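The chain contents come next:
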Amino acid sequence: MGSLLSGFIGALIATVLSVIYLYISEKYRLRSDCMLEVVGYFDEIYTLLQRLHVDKDSHYTGKKRGLTDEEYRISSKTLKDLLFTSRVGVKLAIVYGEGELNGMFNYLKENCLTASRILWNATESDWNEKNKDIQKLFSERIDPVRNSLERKLIEGTKANIIIKDLFDRFLSMISKIKK
């Protein structure tokens, strides 16, 4: 009877550990995929903004432009499409929940949109001022938050953070049941 009970307890522990391992593995996969998508999303926005900015600066300072009018138009349209899509932000909210990371994502996206609007509306006569505004926006808002978001996304893929999130969810679920 004792060996049957200990076998049952062992199987129960193995089942619980297996479920926890599967949960951590799946969360790691989801968070890694999400992290790569968010980083890729902002890399593409950053690259397009830089391309458009350099081209406009070249045009307004008398240097040779790097883009044709058609390439500029296509890059601008691609940037607009990226800035007005919500797919990546929704995926982040699903994977991590609506919290600090989602707030950082939205803040970063909004500041990239602000930089884009400044760039799109800049004219040759106000370029020096608009150029400084864009550079200040990047150095003070976009770059620091982008770096911080990337670090937090990487941190979120670590097993100890996933286990902590699981434990916090478990405690939250218990407190809801008690109410």
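Anything mentioned here points back to the structure above.
Residues numbered from 1 in each chain as written. Predicted model: local features only at pLDDT ≥ 70, side-chain atom pairs only at ≥ 80, totals over all residues. Heavy atoms only, no water.

Caption draft 1: Up close: the packing of aromatic side chains. If you walk through the whole model with that rule in mind, you get five aromatic pairs. Taken together, a centroid distance of 5.6 Å and an interplanar angle of 25 degrees make the contact between Y41 and F105 stacked. Taken together, the residues Y41 in helix α1 (residues 2-60) and F105 in helix α4 (residues 100-121) connect sequence positions 64 residues apart. Using a relative accessible area of 4% as the deciding quantity, one classes Y41 as buried. Classification of F105 as buried rests on a relative accessible area of 1%. (Phe/Tyr/Trp six-rings, centres within 6.5 Å; stacked < 30°, edge-to-face > 60°. Helix = DSSP H or I, 4+ residues; strand = E, 2+ residues; numbered from the N terminus. Buried < 20%, exposed > 50% of the residue type's maximum accessible area, 1.4 Å probe, protein only.)

Caption draft 2: Just helix α2 (residues 69-83), in detail. Taking 1.5 Å of rise per residue, 15 residues should cover 21 Å, and α2 covers 21 Å from first to last C-alpha, within 8% of that figure. Every buried residue of α2 is accounted for by Y72, S75, S76, L79, L82 and L83. Seen from one end, α2 has its buried residues packed into an arc of 125 degrees, which puts them on one side. (Expected span 1.5 Å × (residues − 1). Arc of directions from axis to C-beta.)

Caption draft 3: Broad picture of the nonpolar core. Ranked by internal contacts, the top residues of the largest apolar core, which has 37 residues, are V38, F42, I45, L92, L149 and L153. Among the secondary structure elements, those contributing two or more residues to this core are α1, α2, α3 (87-96), α4 and α5 (127-155). By residue number, the principal contributor to this core is α1, which donates ten residues. Discounting residues that sit within four places of it in the chain, V38 has contacts with V88, L92, F105, L149 and L153. (Core = buried A, V, L, I, M, F, W, Y, C linked by side-chain atoms within 4.5 Å. Contact = heavy atoms within 4.5 Å.)

Caption draft 4: A look at the side chain of S76. Relative to the elements of secondary structure, S76 occurs in helix α2. In this structure S76 touches L52 and W120, once residues within four positions along its chain are discounted.

Functional significance is not addressed by these values, which are geometric in nature.
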